[in-house]
Amino acid sequence: MLTIVLSMSLLLLGIAILGCLYRVLKGPSMADRITALDTIGIHLIGSVAVLSMLLHTQAYVDIILLIGILAFISTVAFARFIERGLVLENDDDL
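Keep in mind the model is a prediction, meaning the values are calculated, not measured.

J.: What is the right way to look at unusual backbone geometry in this model?
T.: Negative phi characterises most residues that are not glycine, and trans characterises most peptide bonds. Backbone geometry at His 56 places phi at a positive 55°, although glycine is not the residue there. Following the sequence through the fold, His 56 ends up in the loop between helix 2 (30-54) and helix 3 (61-84). Note on His 56: relative accessible area 71%, which makes it exposed.

J.: Any chance you could explain a nonpolar patch on the surface here in plain terms?
T.: Taken together, the side chains of Ile 4, Met 8, Leu 11, Leu 12 and Ile 15 make up a nonpolar region of the molecular surface, amounting to roughly 510 Å² of accessible area. One can find Leu 11 in helix 1 (residues 2-26).

J.: Looking at this structure, how should I read the environment of Gly 19?
T.: Following the sequence through the fold, Gly 19 ends up in helix 1. Remark: the alpha-carbon pair of Gly 19 and Ile 64, spanning 45 residues in sequence, is separated by 21 Å.

J.: Would you take a moment to explain helix 2 for this structure?
T.: Residue pairs spaced three or four apart in an α-helix point in one direction, given the helix's 3.6 residues per turn. Helix length check: helix 2, at 25 residues, gives a terminal C-alpha distance of 36 Å against a target of 36 Å (1.5 Å per residue), a fit within 8%. What helix 2 keeps buried is the set Arg 33, Ile 34, Ala 36, Ile 40, Gly 41, His 43, Ser 47, Val 48, Val 50 and Ser 52. On its buried face, helix 2 sits against helix 1 and helix 3. His 56 sits one or two residues past helix 2 and shows a positive phi near 55°.

What counts, and at which threshold
- Residues numbered from 1 in each chain as written.
- Predicted model: local features only at pLDDT ≥ 70, side-chain atom pairs only at ≥ 80, totals over all residues.
- Heavy atoms only, no water.
- Helix = DSSP H or I, 4+ residues; strand = E, 2+ residues; numbered from the N terminus.
- Buried < 20%, exposed > 50% of the residue type's maximum accessible area, 1.4 Å probe, protein only.
- Patch = residues over 30% accessible without salt bridge, like charges linked within 9 Å, V, L, I, M, F, W, Y side chains within 5 Å.
- Areas by Shrake-Rupley, 256 points an atom, 1.4 Å probe, with all protein chains shown as cover.
- Salt bridge = Lys/Arg side-chain N within 4 Å of Asp/Glu carboxyl O.
- Expected span 1.5 Å × (residues − 1).
- Contact = heavy atoms within 4.5 Å.

This is a description of form; function is not addressed.
Right, dumping it as structure tokens:
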């Protein structure tokens, strides 16, 4: 029973990652795209945690920490670029 629940949660996390990927590609603003990238990082952390529970191992804990650190650093870096105005918005997507 637990295997079915963990498999379903992996499927739902995969669908959520695809939804966020759509927002990264078609987001109306750069802030939306950065938020979607951060959300993809959070979903990846959850996916690796569920996969670790599914495989009955703790070997992936280091990978979870690495993904979390990289997601945080990239979000802060992108936010600083937006704050300084170094990112140009392209309004041709509308």
